[in-house]
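# Overview (structure and organization)
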Amino acid sequence: MPSSTHNWNIIMSNANRYTGLVDRYRDRLPVSATTRAISLGEGNTPLIKLENIPRIIGKDVEIYVKYEGLNPTGSFKDRGMTMAVTKAVEEGSKAIICASTGNTSAAAAAYAARAGIKAFVLIPEGKIAMGKMAQAMMYGAITMQIRGNFDDGMRLVKEVADQAPVTIVNSINPYRLQGQKTIAYEIVEALGRAPDYHCLPVGNAGNITAHWMGYTEAVANQPKDQFEQVIYDAETDQFTGPKPAGLPIMVGYQASGAAPFLRGGPVANPETVATAIRIGNPQSFNHAKAVVRDSNGWFDELQDSEILEAQRLLSMYEGVFVEPASAASIGGAIRDIKAGKIAEGSVIVCTVTGNGLKDPDTAIKQCSDAVMLTIDATMNDVKTSILSNM
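Source: prediction; values computed, not measured. (Residues numbered from 1 in each chain as written. Predicted model: local features only at pLDDT ≥ 70, side-chain atom pairs only at ≥ 80, totals over all residues. Heavy atoms only, no water.)

## What to know about the sheet that holds strand β7 (residues 197-201)
- Reading across from one edge, β1-β2-β12-β7-β10-β11 is the order of the six strands in this open sheet, with mixed pairing throughout. Among the strands making up the open sheet, the edge pair consists of β1 (47-49) and β11 (298-302). For this sheet the average axis-to-axis angle between neighbouring strands, irrespective of direction, equals 25°.
- As judged from the three bridges shared by β7 and strand β12 (residues 347-352), these two strands associate in the parallel manner. (Pairing = 2+ DSSP bridges. Helix = DSSP H or I, 4+ residues; strand = E, 2+ residues; numbered from the N terminus. Axes fitted to C-alpha atoms, helices over the stretch in contact; angles between N-to-C directions.)

Right, here's the structure in full:
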């Protein structure tokens, strides 16, 4: 018979097990004490302080990356999807649907599988990284490749949701942003305050909106019985809720071929190697503009070559492998630090949104100068290879 000490250790181990964002932030999310959380243990991702890049660029700054590629399906989308699917199930939905450039489809498919419901995903034909395609298919989603781009898919999703019993889980679903705001809570908890600047890649623009909501709530630190959620009010073009001091300046970076914020409106045929932000008509366009306005921040754009250079730099000098879209945040931040737009002495957090394994083909294409040797299976050949490359 197991000892009582053994049983107690098991109880304590289970009591301390991290069970995901809904449970962790239940009193800050629109759920009740009895809401069943549909979770894969998302969130709680590392905030990594960069040690080599600040030295390389010769600037006195603290740069951190919030590595969202370590979420269960490899991207930040899991934060929003746990809330969207949790609420869909709570409301009796048997199926969810989304348009996607890849990461949303992977997350939707995984959380639908977890919940035991159907997932339908619309993706642009030939415009999705294979790692993301494989995820949606392996998780069992009904995958529809459309002859069009993400914006076409988004239009169709909104239309079909009025005619079929499916719940939309794109970021127009307000529960998505509620889940994604938790990233800011984690950053404030880790640093003890908000950073001076927060830099993000921007595609559909829900994530920069969610970050701002989360920062405002986390910094305000309202008592549970006085808690007021921060929400964007489209009628007033304002965010509701508290207005604390000490919030970060929010900076959003887009790929030049898919930069509606820099063009002043929708881009008809967006093109970029950074597939996750290949979006020409962001659904949270006004929300994100309000974030930048209220935080005294800005939008900027990067060429694909700059994005890929930042991806390689982060991998080679910090050991953090991200997909191309993620690298827009660090590439833009480095450029603005060098230019003095982001002041020395600042604390900067860059959200890197997806794992590099999402798009291995693009990564491999960059490695033409990587050292890969084919040698005989002898000690002499191994030794010679090591010594000649020291």
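So much for the structure itself; the text now carries on.
## Some remarks on the sheet that holds strand β6 (residues 167-168)
- Taking strand neighbours across the sheet as the criterion, the four strands line up as β5-β4-β3-β6 in an open arrangement whose pairing is parallel. Two strands lie at the open edges of the sheet, namely β5 (142-146) and β6, each paired on one side alone.
- The pairing of strand β4 (residues 118-124) with β5 spans five bridges and is classified as parallel. When the sheet's bridge partners are listed, L122 is paired in β5 with M144.
- Contacts from helix α7 (residues 150-160) reach β3 (95-99), β4, β5 and β6, with the element oriented near 150° to β3. (Contact = heavy atoms within 4.5 Å.)

## Here's the deal with the side chain of S105
- With respect to the helices and strands, S105 occurs in helix α5 (residues 103-115).
- Given the relative accessible area of 0%, S105 is considered buried.
- Those residues in contact with S105, other than ones at most four positions away along the chain, are C98, S100, V121, I123, I128 and A136. (Buried < 20%, exposed > 50% of the residue type's maximum accessible area, 1.4 Å probe, protein only.)

## So, the pattern of salt bridges
- Tallied over the full model, the rule gives 19 salt bridges.
- With a shortest N-O distance of 3.4 Å, D196 and R193 are connected by a salt bridge.
- Classification of D196 by relative accessible area gives partly exposed; the value is 28%.
- With a relative accessible area of 39%, R193 lands in the partly exposed category.
- The salt bridge involving E301 is made with R263; its shortest N-O contact spans 2.8 Å. (Salt bridge = Lys/Arg side-chain N within 4 Å of Asp/Glu carboxyl O.)

## Concerning the packing of helix α13 (residues 304-318) against helix α14 (residues 324-338)
- Between α13 and α14, the shortest axis-to-axis distance is 7 Å and the interhelical angle comes to 90°. One finds that α13 runs roughly perpendicular with respect to α14. Here α13 contributes E306, I307, L308, A310, Q311, L313 and L314 to the contact with α14, which in turn contributes P324, A327, A328, I330, G331, I334 and R335. (Parallel < 35°, antiparallel > 145°, perpendicular 65-115°, else oblique.)

## What to know about the side chain of Q311
- Positionally, Q311 belongs in helix α13.
- A distance of 2.4 Å separates polar atoms of two side chains, one belonging to Q311 and the other to Q366.
- Leave out the neighbours within four places in its chain, and Q311 touches F321, V322, E323, P324, A327 and Q366. (Polar contact = N/O pair within 3.5 Å; in protein donor to acceptor, adjacent residues only side chain to side chain.)

## Thoughts on the packing of aromatic side chains
- Tallied over the full model, the rule gives five aromatic pairs.
- Ring geometry for F261 and F285: centres 4.5 Å apart, planes at 10°, overall stacked. Of the two residues, F261 sits in helix α11 (residues 260-263) while F285 sits in helix α12 (residues 285-295), which places them 24 residues apart along the sequence.
- What makes F285 buried here is its relative accessible area of 18%. (Phe/Tyr/Trp six-rings, centres within 6.5 Å; stacked < 30°, edge-to-face > 60°.)

## Things to note about helix α4 (residues 77-90)
- In this model α4 runs 20 Å from its N-terminal to its C-terminal C-alpha over 14 residues, within 8% of the 20 Å that 1.5 Å per residue would give.
- Within α4, twelve of the 14 residues are buried, which leaves it mostly tucked inside the rest of the structure.
- Looking at α4, one finds that the buried residues are K77, D78, R79, G80, M81, T82, M83, A84, V85, T86, K87 and A88.
- Among the residues trailing α4, G92 stands out with phi positive, at a value near 90°. (Expected span 1.5 Å × (residues − 1).)

Don't take any of this as a statement about function, it's just geometry.
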